[in-house]
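Per-entry structural report
Here is what each chain is made of, one letter per residue.
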Amino acid sequence: MQDNRIWVGFGALIVGAMILWPFTQALYLPLIDIPNHIARHTIMASGNEGPLSAYYTSAFVLVPNSAVDLLWRLSGYPGDAVTFSHRVMAFSAVNLFASAVVLARVVHGRWTLWSLTAGLLAFNCTFLFGFQNYTFSLPFAIYAFALYLALENRALWLRLVVFLALTPILFLMHFFAFAILGGLAFGREAQKLIEGRSLRALGQGAAMALPFLLPVAWLLFDMATGPENPAGDHTQMGTVIDRVGRFVTPIYSWATEGAEMMNITGMLLVGGLYLLLITTLIPRVGLRIAPAMRGPVAVVFALVIVAPDWLSGVALIGIRFTFVFLLVIIAASTWQAQSRQRMGLLALVVLSALGVRSAQMGDWFGAHDAEMRDLVAIMEGHVEPGDRVLPVRAPGAFGDPRLWHVQAYATARSEAFIPTLFQGVHAVQLLEEWEDHATPLMHANPACALFAEAPHEPEGNGSTFCRQESYLENWPTKFTKLISMEPLPAELLERAPLTLLGQEGRYQAYAIHSRAAELSAGE
């Protein structure tokens, strides 16, 4: 597309507005993990005082994967944690798009209209999953790589000084964002070594590895000396089908309830994007990858292929890289000679696709926000500070992830304990005496785990299951309130130690009364 700064600037404003539009439709975002991040920020802001201090402790420590947590602390806890997360995620979506545009500017030496296509990736799979610290950190890894390229011909000592300062910061922000920068830099240095085949290229490449080796040494030391991860050390490579799925769903939401058409559109958009990008393999036709970016593109592609599904207790590793591969290849490529009419048609198609994506996101955000306001009304009306709140899903509803973590709003809005808050991460820790009241697996419970009469949950192979966790043993004596994400069937409540307190929309709040509590009251 034509190099024209005015048109690129105008196009960037339009794309940025499209990305921001869904955020104007909702305060409570349908991003799966976000409620847990908000709850953690609420605990941090409490300063180890008040009702939450009975359950959690918070301290200022420097650990990886804490970009937004550090921002929250260092900015002095600016206002409400829900609003803070809303603004952070809006900024992160636009910033990812901007980082691709800037990288393209450095790679090609000019602003390119084609780089605006990266706006399609703003609402990617990791964003929609609510990986807040990774989502916030990744654009800065892209900016850092643009700087890496911009300084490529400068003195080696200057490059070392700059990246010895930058890499520990990015490592603290998020390890996988740091890994993306490391992969891109490795790809560039390996390419120069292959092309140059000189001792100078080898020496400079080895020297530039130093800024990346020091944070890795830090990580290995922490792993060797730090406490055991409550989520375990499970590592699983995944299957060939898993790897194919990564390429199909880079802008797909796992929270499928209400997002079915949005996900279909997302997969169609990705398919169309692949059709355009495949022209990079055809000489003198379509897109052309800048020669300097062949190594970095190849390494990110390799990351998508080799990344495991689970790594040391951390899930969903592979999905963090596919949209990055697409982002980098968009920034790395430009269109070869095409007519103005064809480029105008392509621009219209891309803007239309962005408009459809933005509109669907806005509708989905708005619908979720309306439901969350019902949930918050239930919590503010019936959950007291210091309550211990047990979340449950009605039979048949456990499989959809959209409401896996929304019980965390009980912490954010009512200063209550929930058993599914993230454990063993960042600067918030569960006090030891409450460990048997909580789980590191984090999801709301299926009804069958609490009520013997409830049917087990269906699995894809036609069988059924019921996930039972040890912390649910004697649950009526451990928790004071129960929040159901859907109305519970009457037959489950006949013998349950529950009293309905209220209902808003799909949500119900119950008081839990146990035989032990009744005997205590009688005495």
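Right, let's walk through the structure included here.

Each value, and the rule that gives it
- Residues numbered from 1 in each chain as written.
- Predicted model: local features only at pLDDT ≥ 70, side-chain atom pairs only at ≥ 80, totals over all residues.
- Heavy atoms only, no water.
- Buried < 20%, exposed > 50% of the residue type's maximum accessible area, 1.4 Å probe, protein only.
- Helix = DSSP H or I, 4+ residues; strand = E, 2+ residues; numbered from the N terminus.
- Pairing = 2+ DSSP bridges.
- Lys, Arg positive; Asp, Glu negative; His and termini not counted.
- Salt bridge = Lys/Arg side-chain N within 4 Å of Asp/Glu carboxyl O.
- Polar contact = N/O pair within 3.5 Å; in protein donor to acceptor, adjacent residues only side chain to side chain.
- Phe/Tyr/Trp six-rings, centres within 6.5 Å; stacked < 30°, edge-to-face > 60°.
- Lys NZ or Arg CZ within 6 Å of the ring centre and 35° of its normal.
- Contact = heavy atoms within 4.5 Å.
- Patch = residues over 30% accessible without salt bridge, like charges linked within 9 Å, V, L, I, M, F, W, Y side chains within 5 Å.
- Areas by Shrake-Rupley, 256 points an atom, 1.4 Å probe, with all protein chains shown as cover.
- Disulfide = S-S within 2.5 Å.

1. A few points about the pairing of strand S11 (residues 507-512)
- Across the 6 residues of S11, 5 count as buried, placing the element largely inside the fold.
- As defined by bridge partners, strand S9 (residues 481-484) adjoins S11 across 4 bridges and the pair is classed as antiparallel. Each bridged residue has a counterpart across the sheet, and for Lys-481 the counterpart in S11 is Ala-511.
- The sheet contact formed by strand S10 (residues 498-504) and S11 spans 6 bridges and is antiparallel.

2. Notes on the side chain of Arg-388
- With respect to the element layout, Arg-388 can be found in the loop between helix H14 (340-382) and strand S4 (389-393).
- It is Asp-387 that comes nearest to the buried, bridge-free Arg-388 among opposite-charge side chains, at 7.2 Å.
- A polar atom in the side chain of Arg-388 sits 2.5 Å from the backbone oxygen of Lys-478.

3. Things to note about the pattern of salt bridges
- By the definition in use, this model includes 15 salt bridges.
- In this structure, Asp-80 engages Arg-413 in a salt bridge whose closest nitrogen and oxygen atoms are separated by 2.7 Å. Remark: Arg-413 occurs in helix H15 (residues 409-414) and Asp-80 occurs in the loop between helix H3 (67-74) and helix H4 (81-108); sequence separation between them is 333 residues.
- When its relative accessible area of 30% is taken as the criterion, Asp-80 is described as partly exposed.
- Taken together, the shared-partner salt bridges connect Glu-257, Glu-371, Arg-393, Arg-402, Glu-486 and Arg-506 into one network.

4. What about the packing of aromatic side chains?
- Within the structure shown, the criterion is met by 34 aromatic pairs.
- With centroids separated by 5.6 Å and ring planes inclined at 80°, the aromatic side chains of Phe-171 and Phe-178 adopt a geometry described as edge-to-face.
- The exposure class of Phe-171 is buried, given its relative accessible area of 0%.
- Owing to a relative accessible area of 4%, Phe-178 belongs among the buried residues under this scheme.
- The structure contains a cluster of three or more aromatic residues connected by ring pairs, namely Phe-171, Phe-175, Phe-176, Phe-178, Phe-212 and Phe-321.
- The side chain of Arg-320 reaches across the aromatic face of Tyr-134, ending 5.9 Å from its centre.

5. A closer look at the environment of Ala-347
- Here Ala-347 is to be found in helix H14.
- Residue Ala-347 is classed as partly exposed on the basis of its relative accessible area of 27%.
- For the pair Ala-347 and Trp-114, spaced 233 residues apart in the sequence, the C-alpha separation amounts to 8.2 Å.

6. Looking at the environment of Arg-402
- Here Arg-402 lies in the loop between S4 and H15.
- Residue classification places Arg-402 among the buried residues on the basis of a relative accessible area of 6%.
- Separated by 377 residues in sequence, Arg-402 and Gln-25 have C-alpha atoms that sit 18 Å apart.
- Not counting residues up to four positions away in its chain, the partners in contact with Arg-402 are Ala-255, Glu-257, Trp-364, His-368, Glu-371 and Arg-506.
- Here the side chain of Arg-402 touches His-368 through a polar contact of 2.8 Å, side chain to side chain.
- Of the polar contacts made by the side chain of Arg-402, one reaches the side chain of Glu-371; its length is 2.9 Å.

7. Things to note about a nonpolar patch on the surface
- A surface patch of nonpolar side chains, amounting to about 650 Å² of accessible area, comprises Val-240, Val-244, Val-248, Met-261, Ile-264, Met-267 and Leu-268.
- Counting only elements with at least two residues in the nonpolar patch, the list comes to helix H10 (240-248) and helix H11 (260-277).
- Owing to a relative accessible area of 32%, Met-267 belongs among the partly exposed residues under this scheme.

8. Regarding the state of the cysteines
- Within the structure shown, the criterion is met by 1 disulfide.
- Between the sulfur atoms of Cys-448 and its disulfide partner Cys-466 the distance amounts to 2.2 Å. Its S-S torsion of about 115° marks the bond between Cys-448 and Cys-466 as right-handed, since a negative value means left-handed. Taken together, the residues span a long stretch of sequence, with Cys-448 in the loop between strand S6 (445-446) and strand S7 (457-458) and Cys-466 in the loop between strand S8 (464-465) and helix H16 (475-478) at a distance of 18 residues.

9. Brief notes about the sheet that holds S4
- Read from one edge of the open sheet, 5 strands run S6-S4-S9-S11-S10, paired in mixed fashion. Where the open sheet ends on each side, the last strands, each with one partner, are S6 and S10.
- In this structure, S4 lies alongside S9, joined through 4 bridges in parallel fashion. The residue bridging Pro-391 from the neighbouring strand is Ile-483, located in S9.

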